[in-house]
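Topology and contacts: notes
Each chain is listed here by its residues.
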Amino acid sequence: MKNQTILQGFEWDLPADSAHWKTLQKKANELSSIGFTAVWLPPAYKGSSGVEDVGYGVYDHYDLGEFDQKETIPTKYGTKDEYLQAIQALQEEKLEVYADIVFNHLMGADETEIVPAVQYSSDDRTEAVSDEEEIEAWTKFTYPGRNGEYSDYVWTWKNFSGVDFDARSKSHAIYNFADKGWDNEVDNESGNFDYLMGCDLDMEHPETIEQLDRWGHWYQELTNIDGYRLDAVKHIQFDYYVDWLINRRKEKGRSLFVVGEYWSNDLEKLQTYLDSSGNLIFLFDVPLHFNLYEAANSNGSFDMRQIFKNTLVETREDYAVTFVDNHDTQKGQSLESWIDGWFKLHAYSLTLLRKQGIPVVFWGDLYGIPKQEIEPVGDSLQAMINLRSKLIFGNQIDYFDDSNCIGWVLTGDFDDPESGMAIIMTNGNGTEKEMTISAVHREKTFVDILGNNEAKVVLDENGKGVFPVNDGQVSVYVQEDVAQTFWEENK
Ligand code: CA
């Protein structure tokens, strides 16, 4: 089976020019040629900040850039028709398309309601700090601009567990409605991390569940999407998505790729989520991201042998989606932990050139982040995606035998004469490592496709070679003609 590589098809600071769906449509062929197998698109529905909304401040799931709401018809990325055209163009290039699903909250209600509520301590959401009182909450979603198209359901406070603002007293606090309590199985930070922002959806209320399911049916049929990225799953009842996803699978008639965003560096929490959500959902390997971040910021003192320690890709490899950076970790964002220049290629080789995990490449790394004056990573990143898409990896052997310098080989396969790879990286001084690729490729010449090192390494009759790496760099040795073909095609 072809190695999968997902593109995260957006970054936070894209211009709010409603042109991104068109851009993606135009790039469909290019993305396929680079070697991607799937693209994750940003949330496509109208957010409370209108054309400026990245998509996570969802106001109306049924408005995919079609209705005059929040002072705009198109979303930040374009209109509904452009969205559907982009999906179709990507699928015509044999790329799967994954949608970003935001079900934790709604924002930007149309009207207020007078609601019975109890204040909870912000530090401990299990501790009530007031008696029941009446507050004025922005919880009524009537969608006047959509006027009942697709659904005439009106969301009210009964669909939600709580809010963080009383419009009457102008107080900011965590309010839980009536005697609802919170979703019981969620992340335990602050006691209970059900509440994140906006109007928190009550995943124990039958009408909320029914409406989200009804929307899922409508959305999947309309878009023909191939899978889902689930936002903020640590703030949502852990088994909520089981029924929703089983229903989507039944409608699709095949399995769907699904990855959840559980933002935690605590491996145990990720495993608990996996164990509670029916093995239908992969998770982003957040602990690996933080290992990469730490290694990038340790001036060479990080023990590279531990780079996969306590990660999902080490412990639950079949459910790990690896990544280097994303729209939240980029500079200026809520989870900023940007992996800087010198280590970027180390990090990408540790995700793209490994058998374990399904890697995601970030738009901001592939195409740069103009607003932050961040340049694209460049040809070396494309070379890795290309190798991943073209070569049979075969078996993987790790040489994690030095605290600064690690390496591994991918043996390739007899049926793929271009295969075979040796990767070596250091966070310290230049050095070299003796590694055996495979006797299948004996006496062939290997060179660094990244061009960091000029060596020509000829394997001995048993497939062994000595591979050098320069100070603080990574080198990816492949057969000479494989590298030359790539360089000619990417001049
Ligand atoms: Ca929640």
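Everything numeric in this text was worked out from a predicted model, so none of it was measured.

1. Notes on the pattern of salt bridges
In this structure the tally under the stated criterion is 27 salt bridges. Among the ionic pairs, Arg146 bridges to Asp60, the shortest N-O distance being 2.6 Å. One end of the pair, Arg146, is in the loop between β8 (133-140) and β9 (160-166); the other, Asp60, is in strand β4 (residues 58-60), with 86 residues separating them in the sequence. Side by side, Arg146 and Asp60 carry an identical accessibility label, which is buried.

2. A look at the coordination of the calcium ion
On the protein side, the calcium ion has Asn104 (OD1), Asp194 (O), Asp194 (OD), Asp200 (OD), Asp200 (OD) and His235 (O) as donor atoms, found 2.2 to 3.0 Å from it. For the calcium ion, the six donor atoms in the first shell make angles of 46 to 169° at the metal, so the coordination geometry reads as irregular. Counting gaps between the donor residues of the calcium ion yields the pattern N-x89-D-x5-D-x34-H. Here the two residues Asp194 and Asp200 agree in accessibility, since each one is buried.

3. A short note on the layout of surface pockets
Size it by volume and the largest pocket reaches roughly 490 Å³. Forming the walls of the largest pocket are 23 residues, and the residues nearest its centre are Leu196, Met197, Asp231, Asp328 and Ser334. Along the lines of polarity and charge, the residues of the lining of the largest pocket split into ten nonpolar, eight polar and five charged. Three or more residues apiece are contributed to the lining of the largest pocket by two domains, here domain 1 (6-103 + 206-391) and domain 2 (106-201).

4. Structural notes on the domain arrangement of the protein
Taken domain by domain, the protein holds domain 1 (6-103 + 206-391), domain 2 (106-201) and domain 3 (396-489). Relative placement of domain 2 and domain 3: their C-alpha centres are 56 Å apart.

5. Some words on the environment of Tyr143
Relative to the elements of secondary structure, Tyr143 occurs in the loop between β8 and β9. Remark: the alpha-carbon pair of Tyr143 and Asp60, spanning 83 residues in sequence, is separated by 7.5 Å. Ignoring any residue separated from it by four or fewer positions in sequence, one finds Tyr143 in contact with Tyr59, Asp60, Gln69, Leu106, Asp110, Tyr153 and Trp155. Polar side-chain contacts of Tyr143 include one of 2.8 Å to the backbone oxygen of Tyr59.

6. Thoughts on the sheet that holds strand β1 (residues 6-8)
Judged by pairing direction, the barrel is parallel, and its eight strands sit side by side in the order β1-β2-β5-β12-β13-β14-β15-β16 before closing back on the first. When the angles between neighbouring strand axes are averaged without regard to direction, this sheet yields 25°. Of the pairings in the sheet, the one linking strand β2 (residues 38-40) to strand β5 (residues 96-101) comprises three bridges and is parallel in character. Bridge pairing in β5 places Ala38 opposite Glu96.

7. What about the packing of aromatic side chains?
Two measures describe an aromatic ring pair: the distance that separates the ring centres and the angle between the ring planes. Taken as a whole and assessed by the stated rule, the structure comprises 41 aromatic pairs. Plain terms: the ring middles of Trp40 and Phe284 are 5.5 Å apart, the flat faces sit at 35° to each other, and that makes the pair tilted. Pair noted here: Trp40 is in strand β2 and Phe284 is in strand β14 (residues 282-284), with a separation of 244 residues, a long-range link. For Trp40, a relative accessible area of 3% corresponds to the buried category. What links up through ring pairs into an aromatic cluster is the set Tyr45, Phe103, Trp215, Tyr219, Tyr228, Tyr240, Tyr241 and Trp244. In this arrangement the basic side chain of Lys70 is found over the ring face of Tyr59, its NZ or CZ atom lying 4.4 Å from the centre. For Lys344, the ring lying beneath its charged end belongs to Trp338, and the centroid distance is 3.5 Å.

8. So, the packing of helix α6 (residues 286-296) against helix α8 (residues 341-352)
Two quantities define a packed helix pair, namely the angle between the helix axes and the distance between the axes. The interhelical angle for the contact between α6 and α8, taken along N-to-C directions, is 150°, at an axis separation of 10 Å. Considered as vectors, α6 and α8 are oriented roughly antiparallel to each other. Here α6 and α8 pass one another in a crossing that is right-handed. Contact with α6, carried on its side by Leu288, Leu292, Ala295 and Ala296, involves Trp342, Phe343, Ala347, Leu350 and Thr351 of α8 and no other residues of that element. Residues that form the contact of α6 with α8 fall into these classes: eight nonpolar, one polar and no charged.

9. Overview of the pairing of strand β24 (residues 474-479)
In terms of burial, β24 is a largely internal element, six of the six residues being buried. Where strand β19 (residues 421-426) and β24 come together, four bridges link them in antiparallel fashion. Each residue of the ladder has a partner; that of Ile423, found in β24, is Val476. Bridging between strand β21 (residues 445-448) and β24 involves three bridges; their strand directions are antiparallel. Across the sheet, residue Val447 finds its bridge partner in β24, namely Val478.

Cut-offs and rules
Residues numbered from 1 in each chain as written. Predicted model: local features only at pLDDT ≥ 70, side-chain atom pairs only at ≥ 80, totals over all residues. Heavy atoms only, no water. Salt bridge = Lys/Arg side-chain N within 4 Å of Asp/Glu carboxyl O. Helix = DSSP H or I, 4+ residues; strand = E, 2+ residues; numbered from the N terminus. Buried < 20%, exposed > 50% of the residue type's maximum accessible area, 1.4 Å probe, protein only. Donors = N, O, S within 2.8 Å, 3.2 Å for Na, K, Ca; no water. Tetrahedral: all angles 85-135°; square planar, octahedral: opposite > 155°, others 65-115°. 1 Å grid on protein atoms, 1.4 Å probe; cavity = no way out; pocket = protein on both sides within 12 Å on 5 of 7 lines; lining within 4 Å. Points joined across faces, edges and corners; volume = space filled by probe spheres on them. Nonpolar A, V, L, I, M, F, W, Y, C, P; charged D, E, K, R; others polar. Domains from an automatic or database assignment. Contact = heavy atoms within 4.5 Å. Polar contact = N/O pair within 3.5 Å; in protein donor to acceptor, adjacent residues only side chain to side chain. Pairing = 2+ DSSP bridges. Axes fitted to C-alpha atoms, helices over the stretch in contact; angles between N-to-C directions. Phe/Tyr/Trp six-rings, centres within 6.5 Å; stacked < 30°, edge-to-face > 60°. Lys NZ or Arg CZ within 6 Å of the ring centre and 35° of its normal. Parallel < 35°, antiparallel > 145°, perpendicular 65-115°, else oblique. Left-handed = near helix turned anticlockwise from the far one by under 90°.

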